[in-house]
Amino acid sequence: MQITHKKTNRENILHAIVISAMSACSLCFFFIAGMVNNTFGRINPSQLFFHLAMPVKQADVNGAVKQIIGIFCCSLGIAIIIYFVLWSIFKWIDRCRFVKKSHLQVFLYIFAGVCLMAAGDYFNEYIPFKSGIDFYCCESKMIENEFSQPLPGELRFLQKRNCIVIVMESVEETFSKPDVVGGNMIPELMHIKEKNLSFDRRVQCNGTGWTIAALVNIFFGIPQLPLHGLYLASAGNNRRYKLPSIFDYFLQGGYSCTYMQGGYMEFAGKKYLFEDHPGVKIVAFDELSGEDDYISNRAPFEWGVDDGVLFKKIKEECLRLSEQNQPFFLVALTLDTHGPNGYLPPEHLQKEKDFFAEVLRVADYRISNLINWIKSQSFAENTTIIIVSDHLAMSNSFMSKLRKFSDDVLCEKRKTYNCFINSAVRPKKKDGRLFAAFDLMPTILHAAGAQWGSNRLHLGVSLFGDTPTILEKYGIEYYEKESLKRSDKYLKMFDVSP
């Protein structure tokens, strides 16, 4: 009798532990997916693993870490409570025998299983780990079939125009829609766009939706696809690209090249993009943080040096480059609009109830001021200015409104900002071009006056021509599916040997 009682008690404990563990896993899946959704929206495993593996210096990760720890602790606490409740119920049933314990246990297992599957499905909606399996199980020839590279010396600059590219952090045209965000938060940017040239149907597809991925797209004309991030993150890999970048093409054309940003180059592995580019001058946090304007600032920005300091340095660099006897190519990455809160200069603090709305207004004014300054310089007539956003906004006070406006996975109603000022060429087909971030590389080169006998370059297609882009040729769904599969051609583009 005693043996039977001990066996029954062990069974009660085992069942209570298993059901409690299933409940805890359900809670973890649900709350972690909710946290990711609120911060980033839908991401894929390559993006998640990339940021877990890469240096996070200068990123404020404490909040996210605390949230995750809090979720685990909360889930564990609830699981312990569930365990004791179930164990007590099972013991009570053993004594009273009012109901069959086996029936209750089956019901609880079914209920916990349903909750676990529902939470797993919710988790997979925003972090689709199934897509990581496709890399190992499936192979795609899309990249191999579509990749195009000019012969050595074929790409030439028939017009030696200066080219300035401003990559704006998380700025989208949706911020100009009063019916979505309550007003036009970027009136100057929209005015600049209306007076110049832009392309309106950029889709944030796989491998393009975060800053370092956007830079890889713009600089190398390729998306940042699965496992690429892990290769870059591995300390034993050389991290070399086996294909020329946009800087290589400009350097070969006799240009002086400069890259500028307010953050650390180490963050997210940006420095790896330039390891094979000794001819490119880098201006980043280490240099800009010594500026008097930054040192005296009463409201430092956790992501780096604010755009006020960066734009001042851009003007100085433009003047320096314009005095040389050669054209120049300058790329600058802004930070003021980085989520979730962005940056406001001290004189603008407390002016608005909606902090991020004021962030956008100040950023809008600053970029307009910079563009007007460039236009007033002696080198302006022979200079192409390009403003592009790296990706859609990930986290800010407008996110709930933005998601209601475009609730589809690819956010096709939301548009990243782009504008081409004083381009060397005009588009053959302006309206309705469906394109991705990797199409910006050949488009920028054509805007600066480059020619190479084709509209295709790497995986991108220049929007100034009439050649269909990959998204136009295959459709978005096909690209999304194929881009998650393994591509031997893609992997051969990188030297990942120890």
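Everything discussed here concerns the structure shown above.
In this report, the structure presented in the accompanying data block is examined. Keep in mind that what you see is a predicted model, and the values were worked out from it rather than measured. (Residues numbered from 1 in each chain as written. Predicted model: local features only at pLDDT ≥ 70, side-chain atom pairs only at ≥ 80, totals over all residues. Heavy atoms only, no water.)

## Describing the overall build of the chain
For the record, the criterion: The way it works is that DSSP assigns letters per residue, a run of H or I at least four long becomes a helix, a run of E at least two long becomes a strand, and they are numbered from the N terminus. Only protein chains enter the accessibility calculation, which uses a 1.4 Å probe; a residue whose area is less than 20% of its type maximum is buried, one above 50% is exposed, and one in between is partly exposed. Here, residues are in contact when the closest pair of their heavy atoms is within 4.5 Å. Only the protein chains shown count as cover for residues, and the accessible areas themselves come from Shrake-Rupley with a 1.4 Å probe.
Across its full length, the chain carries 20 helices and 14 strands. A total of 498 residues make up the chain; the buried ones form 55% of that total. Sequence-distant contacts, at least 24 apart, represent 77% of the contacts inside the chain between residues at least 6 apart. In the structure as shown, the chain presents an accessible area of about 22,600 Å², 56% of it carried by carbon and sulfur atoms.

## Some words on the nonpolar core
The tendency in soluble globular proteins is for nonpolar side chains to be buried side by side. Quick note on the threshold: Joining through side-chain atoms within 4.5 Å is the link that ties buried Ala, Val, Leu, Ile, Met, Phe, Trp, Tyr and Cys residues into a set, and such a set is a nonpolar core.
Grouped together as the largest cluster of nonpolar side chains are 73 residues, with contacts concentrated most on Phe-219, Phe-247, Phe-250, Tyr-259, Phe-329 and Leu-445. With 7 residues, helix α9 (residues 211–220) is the single largest residue contributor to this core. Setting aside anything within four residues of it in sequence, one finds Leu-445 in contact with Leu-155, Phe-157, Ile-246, Tyr-249, Phe-250, Ala-450, Trp-452 and Leu-457. Membership of the second largest hydrophobic core comes to 49 residues, among which are Val-305, Val-309, Leu-310 and Val-359.

## Quick word on the sheet that holds strand β8 (residues 383–389)
To keep things clear, this is the line we draw: If DSSP finds at least two bridges between two strands, the strands pair. Each axis is a line fitted through C-alpha atoms, and for a helix only the stretch in contact is used; angles between axes span 0 to 180 degrees, taken between their N-to-C directions.
With respect to topology, 6 strands assemble into an open sheet ordered β6-β5-β7-β2-β8-β9, the strand pairing being mixed. Lying at the two open borders of the sheet, with one neighbouring strand each, are β6 (280–283) and β9 (418–421). For this sheet, the mean inter-axis angle between neighbouring strands, taken without regard to orientation, is 10°. Inspection of the sheet shows strand β2 (residues 162–168) paired to β8 by 7 bridges, in the parallel sense. What sits directly across from Val-167, in β8, is Val-388. The strands touched by helix α17 (residues 440–447) are β2, β8 and β9; relative to β8, the strand with the most contacts, the crossing angle is about 160°.

## Remarks on the environment of Lys-473
Stated formally: Under the rule applied, a polar contact is a pair of N or O atoms within 3.5 Å (in protein, one hydrogen donor and one hydrogen acceptor; residues adjacent in sequence only if both atoms are side-chain atoms).
As for its position among the elements, Lys-473 is in helix α18 (residues 470–474). For Lys-473, a relative accessible area of 51% gives the class exposed. The spacing of Lys-473 and Leu-434 is 39 residues in sequence and 9.5 Å in space, taken between C-alpha atoms. Other than its neighbours up to four places away in sequence, Lys-473 contacts Glu-146 and Pro-468. At a separation of 2.9 Å, a polar atom in the side chain of Lys-473 contacts the side chain of Glu-146.

## As for unusual backbone geometry
Across the junction of Gly-339 and Pro-340, the peptide omega takes the value 5°, indicating a cis bond. Relative to the assigned elements, Pro-340 resides in the loop between β7 (328–333) and α15 (355–375). In this structure, Ser-170 takes a positive phi of about 55° despite not being glycine. By secondary structure assignment, the location of Ser-170 is in the loop between β2 and α7 (178–181). The exposure class assigned to Ser-170 is buried, which follows from its relative accessible area of 5%. Despite not being glycine, His-458 has its phi angle at roughly 60°, a positive value. Take His-458: it is sitting in the loop between β12 (456–457) and β13 (460–461).

## Things to note about the packing of aromatic side chains
In this description, an aromatic ring pair is defined by two values, namely the gap between the centres and the angle between the planes. So the rule is basically this: Each Phe, Tyr or Trp ring, with Trp reduced to its six-membered ring, pairs with another whose centre is within 6.5 Å; inter-plane angles below 30 degrees give stacked pairs, above 60 give edge-to-face pairs, and intermediate values give tilted ones.
Per the counting criterion, the structure on display carries 22 aromatic pairs. Each ring, one from Phe-199 and one from Phe-420, has its centre 5.6 Å from the other, and the planes form 80°; the classification is edge-to-face. Placement of Phe-199 in the loop between α8 (187–195) and β3 (201–202) and of Phe-420 in strand β9 is noted, with a sequence separation of 221 residues between them. Here Phe-420 falls in the buried class, since its relative accessible area comes to 1%. A ring pair is formed by Phe-219 and Phe-247, whose centres lie 5.0 Å apart and whose planes are at 70°; its orientation type is edge-to-face. Of this pair, Phe-219 sits in helix α9 while Phe-247 sits in helix α11 (residues 246–252), placing them 28 residues apart in sequence.

## Some words on the pattern of salt bridges
Any two side chains of opposite charge can pair, so long as their charged atoms come close to each other. Put simply, the rule is: Think of a salt bridge as a Lys or Arg side-chain nitrogen and an Asp or Glu carboxyl oxygen that are within 4 Å of each other.
Taken as a whole and assessed by the stated rule, the structure comprises 20 salt bridges. With a closest N to O distance of 3.4 Å, Lys-313 and Glu-291 form a salt bridge. Here Lys-313 is found in helix α14 (residues 307–322), whereas its partner Glu-291 is found in the loop between α12 (285–288) and α13 (292–295), with 22 residues between them in sequence. The same class applies to Lys-313 as to Glu-291, namely buried. Note that Lys-312 is salt-bridged to Asp-293, the shortest N-O span being 3.4 Å.

## Quick word on a nonpolar patch on the surface
The criterion, for reference: Exposure above 30% relative accessible area and no salt bridge define the residues that can form patches, which grow by joining like charges within 9 Å and nonpolar side chains of Val, Leu, Ile, Met, Phe, Trp and Tyr within 5 Å.
Together, Val-106, Ile-110, Val-114 and Met-117 make up a nonpolar patch on the protein surface, roughly 400 Å² of accessible area in all. Tracing the backbone through its elements, the reader meets Val-106 in helix α4 (residues 101–126).

## Points about the side chain of Ser-256
Examined against the element boundaries, Ser-256 turns out to sit in strand β5 (residues 256–261). Among the polar contacts listed, one links the side chain of Ser-256 to the side chain of Gln-326, at a separation of 2.9 Å.

## Re the pairing of β5
Within β5, 6 of the 6 residues are buried, which leaves it mostly tucked inside the rest of the structure. Here β5 shows a buried face lined by Ser-256, Thr-258 and Met-260 and a second buried face lined by Cys-257, Tyr-259 and Gln-261. Relative to β6, β5 is paired through 4 bridges, and the arrangement is parallel. Paired with Met-260 across the strands is Val-283, a residue of β6.

## Some points on α17
For α17, the tally of buried residues reaches 8 of 8 residues, placing the bulk of the element in the interior. Residues Leu-440, Met-441, Pro-442, Thr-443, Ile-444, Leu-445, His-446 and Ala-447 constitute the buried set of α17. Trailing α17 by a residue or two, Gly-449 shows a phi angle of about 100°, which is positive.

## Details of the packing of α14 against α15
Let me state the cut-off plainly: Put simply, angles under 35 degrees are roughly parallel, angles over 145 are roughly antiparallel, angles from 65 to 115 are roughly perpendicular, and the rest are oblique. As a working rule, the residues Ala, Val, Leu, Ile, Met, Phe, Trp, Tyr, Cys and Pro are called nonpolar, Asp, Glu, Lys and Arg charged, and the rest polar, with Gly in that last group.
With their axes 11 Å apart at the nearest point, α14 and α15 run at an angle of 10° to one another. Comparing the axis directions of α14 and α15 gives the class roughly parallel. Taking contact as the criterion, the partners of Asp-307, Gly-308, Phe-311, Ile-314, Lys-315, Cys-318 and Leu-319 in α14 are, on α15, Arg-366, Ile-367, Asn-369, Leu-370 and Trp-373. Here the contact of α14 with α15 is composed, by residue class, of 7 nonpolar, 2 polar and 3 charged.

## Observations regarding α14
Here is the rule we go by: Multiplying 1.5 Å by the residue count of a helix minus one yields the expected span of that helix.
Taking 1.5 Å of rise per residue, the 16 residues of α14 would be expected to cover 22 Å, and the 22 Å separating its terminal C-alpha atoms lies within 8% of that figure. Measuring from the backbone nitrogen of Gly-308 back to the side-chain oxygen at the start of α14 gives 2.9 Å, which picks out Asp-306 as the cap.

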